[in-house]
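Summary of the model geometry
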Amino acid sequence: TGAWMKAELAKLAAQFPQVIKSVRGLGFMLGIELAENIPAFANTGKVASLNFVNRLHDAGVLTVPSGTHVIRFLPALNLTRAEAAEGVALIAGVVKAIA
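Calculation criteria
- The written sequence of each chain sets the order in which its residues are numbered from 1.
- The predicted origin of the model limits local features to residues at a pLDDT of at least 70 and limits the giving and counting of side-chain atom pairs to 80 or more, whereas totals for whole chains, interfaces and linings rest on all residues.
- The basis for every side-chain value is the complete set of heavy atoms in the structure, and neither hydrogens nor water enter the calculation.
- Patch membership requires more than 30% relative accessible area and the absence of a salt bridge. Residues of like charge join within 9 Å; the nonpolar side chains Val, Leu, Ile, Met, Phe, Trp and Tyr join within 5 Å.
- With residues, only the protein chains shown are counted as cover, and all accessible areas are computed by Shrake-Rupley using a 1.4 Å probe.
- Salt bridges are defined by distance alone: a side-chain nitrogen of Lys or Arg within 4 Å of a carboxyl oxygen of Asp or Glu.
- A run of H or I in DSSP becomes a helix once it reaches four residues, and a run of E becomes a strand once it reaches two; helices and strands are each numbered from the N terminus.
- A simple rule labels every residue: compare its accessible area, found with a 1.4 Å probe on the protein chains alone, to the largest value its type can have, and call it buried under 20%, exposed over 50%, or partly exposed in between.
- Residues are said to line a cavity or pocket when one of their atoms sits within 4 Å of a point; the points come from a 1 Å grid over protein atoms alone, cavities being sets where a 1.4 Å probe fits but cannot get out and pockets being open sets with protein on both sides within 12 Å along at least five of seven lines.
- Grid points are joined across faces, edges and corners, and a volume is the space filled by probe spheres set on the points.
- Residues are sorted three ways: Asp, Glu, Lys and Arg are charged, Ala, Val, Leu, Ile, Met, Phe, Trp, Tyr, Cys and Pro are nonpolar, and all the rest, Gly among them, are polar.
- One less than the number of residues in a helix, times 1.5 Å, gives the span that helix is expected to have.
- This arc is taken over the directions from the axis of the helix to the C-beta atoms.

Quick notes on a nonpolar patch on the surface
A cluster of nonpolar side chains, namely Leu 26, Met 29 and Leu 74, defines an oily patch on the protein surface of about 370 Å² accessible area. By the element assignment, Leu 26 lies in strand β1 (residues 20–26). Taking the relative accessible area as the measure of exposure, Leu 26 reaches 67% and is therefore exposed.

Shown next, in the form of structure tokens:
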């Protein structure tokens, strides 16, 4: 499930390089590195990772920033494929709104 989730997030990165620079990690320990200078985050006074995390929280996805441009995902080890798919869909919705 972790490899599937990473692959799905990588598809998002390929589709929206103006938002996601790369996806990295192993198993369920995954991270999204955000692109530089995302227009939706201009003039907010906050780093990109915090802006993105706040939008994910509003969408119902619990994440934490890791530095200024990385979002860290650490889901429970008993996460099902269906739950992972729901989370990826929510993340995709946020990415599309930002792009």
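Observations concerning the layout of surface pockets
The computed volume of the largest pocket comes to approximately 340 Å³. Val 61, Leu 62, Phe 73, Pro 75 and Gly 87 are the residues nearest the centre of the largest pocket, which is lined by 17 residues in total. Broken down by secondary-structure element, the contributors of at least two residues to the lining of the largest pocket are β4 (70–73) and α3 (81–98). The element contributing the most residues to the lining of the largest pocket is α3, with six residues. Residues that form the lining of the largest pocket fall into these classes: 11 nonpolar, three polar and three charged.

Thoughts on helix α1 (residues 2–15)
The end-to-end C-alpha distance of α1, which contains 14 residues, comes to 20 Å, matching closely the 20 Å that a straight helix rising 1.5 Å per residue would cover. Along α1, the residues classified as buried are Gly 2, Met 5, Leu 9, Leu 12 and Ala 13. All buried residues of α1 project into a common sector of 100 degrees when viewed along the axis, lining one side. Across from the buried face of α1, at angles greater than 90 degrees, the exposed residues are Ala 3, Lys 11, Ala 14 and Gln 15.

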